[in-house]
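One-letter residues, chain by chain:
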Amino acid sequence: VIEEADSPRWFASTLVALPRWMGNCFASGGAGVGYAAAEGKSESATLSEAGLTVDDLRHAPEYAALNSEAIDTELDTTQPLAHYLISSSHNTYMKGGQFTFTGGDVDHTMYATVIEGGCRCVEIDVYDATPASSDDCEVYHGNETLSGGSLSLRTVMATIAGALPANHLPLIINCENHLDGEAGGDTFAKVVRSQWGEKLLLAEGAAAALTGSLEELRGRVLIRMKNKDAWPQLGAIIALQNSTFRGCDNPAGYGPCNTSSISEDKLGKKLFRELGEDSIRDSHGEADDDDKLISPAEAAAAIKYNAERVTRVYPRALAVRSQNYSPLKAWEGGCGVAALNWQAAGEPMDVNGA
């Protein structure tokens, strides 16, 4: 049981968060219904293994309620962004597995699929264009051969824009920065500005916006990215800085714009410095070094930390077939962004859409 904390984001013993920003949770059935449509398949099956395609999901009856602006309107929006659970996608640009050798392939329509399913945090891995271009960048995973090709950043941004409802809650675009130099950063910033215009939340004024209400962020797009070399044009468009996690007991100097990412298999070791004998076990009743969760005191400290800033959890590196972890593992520690592989069917996606 996790005790209540002095924060709008607390978890009762049933692990229900109040308030919660998971757009698809207000639609009947939830996004997980569509992913779990095939009987007798492994709960970690990819869409192709489950006999489903991206188009099957987008046109499934269960998605009828999701493809509406209702998912962005039936919610208490009076709290700051960090007080919500944000339905999130990992490596959104990949369809199937994470690499070609695990059945994966790049596909820009995946952005439309997840956004129409209620996702409000998508991911891109951005690289310089080949050949070099001052007008576009490329999106892929690791390298073009392993990804089955690459996507145009402009195409990805246009697909995202086309999928968003008119009155949407804020969308976070989590960007993994693989740009080689400042010129690439300038190109990325130019593409982003040209697509989003005034909808883009700029670095200047981001701190004030992030401590205001979610309602005040309605219709905005937030770039989350690391800018380790402090390129000025790139820095100007980053509302959420991807900053190194230093522990819940060391937030000095980290404001609402400083966010961190933690791999799900390192969550216990990084989020909590000490895991006692009485740590809560995971949903399978196991409590090894990676899967131990937290005591009530540790939970209160973590939730207090995360109530002031966004922490993102993502699948372990070995999940090359798009396997997922239970998002409960992240939520129990107050981490608002549990990035899942929407490419895969199974219980974690069902929980995410419950």
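Every chain is numbered on its own, with residues counted from 1 as its sequence reads. Owing to the predicted nature of the model, reporting of local features is limited to residues with pLDDT of at least 70; listing and counting of side-chain atom pairs is limited to 80 or more, with chain, interface and lining totals taken over all residues. With hydrogens and water set aside, each side-chain value is computed from the structure's full complement of heavy atoms.

Caption draft 1: Layout of the overall build of the protein. Looking only at helices and strands, the protein has 12 helices and 14 strands in total. Buried residues are those whose accessible area, probed at 1.4 Å on protein chains only, stays under 20% of the maximum for their type, while exposed residues exceed 50% and partly exposed ones sit between those limits. For the protein, with 354 residues in total, the buried portion stands at 55%. Residue pairs at least 24 apart in sequence account for 69% of intrachain contacts in the protein once pairs closer than 6 positions are excluded. Per-residue accessibility takes into account occlusion by the displayed protein chains alone, with areas from the Shrake-Rupley method and a 1.4 Å probe. As displayed, the protein has an accessible area near 14,100 Å², and 50% of this comes from carbon and sulfur atoms. Counting from the N terminus, the helices are DSSP H or I runs at least four residues long and the strands are E runs at least two residues long. Residue contacts are counted whenever heavy atoms from the two residues lie within 4.5 Å of one another.

Caption draft 2: Just the nonpolar core, in detail. One finds Ile-124, Ile-160, Ile-173 and Phe-188 to be the most contacted residues of the largest nonpolar core, which totals 55 residues. Discounting residues that sit within four places of it in the chain, Phe-188 has contacts with Ile-124, Val-126, Cys-137, Leu-153, Cys-175, Leu-179, Ile-223, Met-225, Leu-234 and Ile-237. Within this scheme, the nonpolar core is defined by two criteria: the residues are buried Ala, Val, Leu, Ile, Met, Phe, Trp, Tyr or Cys, and they are joined through side-chain atoms within 4.5 Å. Membership of the second largest hydrophobic core comes to 20 residues, among which are Leu-169, Leu-210, Leu-214 and Leu-217.

Caption draft 3: Layout of the layout of surface pockets. Residues are said to line a cavity or pocket when one of their atoms sits within 4 Å of a point; the points come from a 1 Å grid over protein atoms alone, cavities being sets where a 1.4 Å probe fits but cannot get out and pockets being open sets with protein on both sides within 12 Å along at least five of seven lines. Grid points are joined across faces, edges and corners, and a volume is the space filled by probe spheres set on the points. The computed volume of the largest pocket comes to approximately 720 Å³. Together, 36 residues line the largest pocket, and Glu-176, Asn-242, Ser-261, Arg-312 and Tyr-314 are the ones closest to its centre. Within the residue set of the lining of the largest pocket, elements represented by two or more residues are strand E6 (121-128), strand E9 (171-177), strand E12 (258-263) and strand E13 (311-314). Across the lining of the largest pocket, the residue classes break down as 11 nonpolar, 15 polar and 10 charged. Three categories are distinguished: nonpolar for Ala, Val, Leu, Ile, Met, Phe, Trp, Tyr, Cys and Pro, charged for Asp, Glu, Lys and Arg, and polar for the others, with Gly belonging to the last.

Caption draft 4: Structural view of the confidence of the model for the protein. pLDDT gives the predictor's per-residue confidence on a scale running from 0 to 100. Taken over all residues, the pLDDT of the protein has a mean of 76, while the share at 70 or more is 72%. Note that residues 274-291 has pLDDT below 50 and, in this model, 31 contacts with residues that lie over four places away or in other chains.

Caption draft 5: Spotlight on the pairing of strand E14 (residues 337-340). On E14, burial covers both faces: Val-337 and Ala-339 on one face and Ala-338 and Leu-340 on the other are all buried. Paired strands, in this sense, are two strands between which DSSP finds at least two bridges. Of the strand pairs in this sheet, strand E3 (residues 86-89) and E14 are connected by four bridges, and their pairing is parallel. By the bridge assignment, Ser-89 is partnered in E14 with Leu-340. Of the pairings in the sheet, the one linking E13 to E14 comprises two bridges and is parallel in character. Across the sheet, Arg-312 pairs through a bridge with Val-337, a residue of E14.

Caption draft 6: Main features of the packing of helix H5 (residues 153-163) against helix H6 (residues 182-196). Comment: axis = line fitted to C-alpha atoms, over the contacting stretch for helices; angle = value between 0 and 180 degrees taken between N-to-C directions. Between H5 and H6, the least distance of the axes is 10 Å, while the angle of their chain directions is 30 degrees. By the criterion of interaxial angle, the relationship of H5 to H6 is roughly parallel. Between H5 and H6 lies a crossing of right-handed hand. Taking contact as the criterion, the partners of Leu-153, Arg-154, Met-157, Ala-158, Ile-160 and Ala-161 in H5 are, on H6, Phe-188, Val-191, Val-192, Ser-194, Gln-195 and Trp-196. In this scheme, roughly parallel covers angles under 35 degrees and roughly antiparallel covers those over 145, while 65 to 115 is roughly perpendicular and the rest are oblique. Two helices that cross are described as forming a left-handed crossing if the nearer one is turned anticlockwise from the farther one by less than a right angle, and a right-handed crossing if clockwise.

Caption draft 7: Region of interest: the environment of Ala-206. Inspection of the secondary structure puts Ala-206 in helix H7 (residues 206-211). Ala-206 sits 31 residues away from Ile-237 along the chain, and the two C-alpha atoms are 9.7 Å apart. With near-sequence residues (within four places) excluded, Ala-206 lies in contact with Leu-201, Ala-239 and Cys-257.

Caption draft 8: Spotlight on the packing of helix H3 (residues 109-116) against H5. Put simply, H3 and H5 touch, their axes get as near as 8 Å, and they point 25 degrees apart. When the axis of H3 is compared with that of H5, the two are roughly parallel. In this structure, the crossing between H3 and H5 has a hand that is right-handed. Facing H3, whose interface residues are Thr-109, Tyr-111, Ala-112, Ile-115 and Glu-116, H5 presents Val-156, Thr-159, Ile-160 and Ala-163. The class makeup of the residues in the contact of H3 with H5 is six nonpolar, two polar and one charged.

Caption draft 9: Quick look at the packing of aromatic side chains. Here a Phe, Tyr or Trp ring, Trp counted by its six-membered ring, pairs with any other such ring whose centre lies within 6.5 Å, and the pair is stacked when the planes are under 30 degrees apart, edge-to-face when over 60, and tilted otherwise. The full count for this structure, using the stated rule, is two aromatic pairs. Between Tyr-127 and Tyr-140, the ring centres sit 4.0 Å apart and the planes meet at 10 degrees, which makes this aromatic pair stacked. Linking Tyr-127 in strand E6 with Tyr-140 in the loop between strand E7 (137-139) and helix H4 (144-147), this pair joins segments that are 13 residues apart in sequence. We note that Tyr-127, like Tyr-140, is buried. Ring geometry for Phe-245 versus Tyr-305: centroids 5.7 Å apart, planes at 90 degrees, classification edge-to-face. Taken together, the residues span a long stretch of sequence, with Phe-245 in the loop between strand E11 (238-242) and E12 and Tyr-305 in helix H10 (residues 296-306) at a distance of 60 residues. Exposure class is identical for Phe-245 and Tyr-305. Each is buried. Any Lys NZ or Arg CZ that is within 6 Å of a ring centre and within 35 degrees of that ring's normal is treated as a charge sitting over the ring. The ring of Tyr-254 carries the charged tip of Arg-246 above its face, separated from the ring centre by 3.9 Å. Over the face of the ring belonging to Tyr-305 we find Arg-309, whose NZ or CZ atom lies 4.5 Å from the ring centre.

Caption draft 10: Region of interest: the state of the cysteines. The disulfide definition used here is simple: a pair of cysteine sulfur atoms within 2.5 Å. With the rule as written, the count across this model stands at zero disulfides. Not engaged in a disulfide, the cysteine Cys-175 finds its nearest cysteine sulfur in Cys-121; these two sulfurs lie 9.4 Å apart. Lacking any disulfide linkage, Cys-335 is separated from the closest cysteine sulfur, that of Cys-248, by 7.6 Å.

Caption draft 11: Examining the pairing of E13 more closely. When E12 meets E13, the two strands line up parallel, connected through four bridges. Bridge pairing in E13 places Ile-262 opposite Val-313.

Caption draft 12: Structural detail: the pattern of salt bridges. Salt bridge, as used here, is a side-chain nitrogen of Lys or Arg placed within 4 Å of a carboxyl oxygen of Asp or Glu. By the definition in use, this model includes nine salt bridges. For the salt bridge of Glu-123 with Arg-312, the shortest nitrogen-to-oxygen distance reads 3.0 Å. Here Arg-312 lies in strand E13 and Glu-123 lies in strand E6, a separation of 189 residues in the sequence. Here Arg-312 falls in the buried class, since its relative accessible area comes to 4%.

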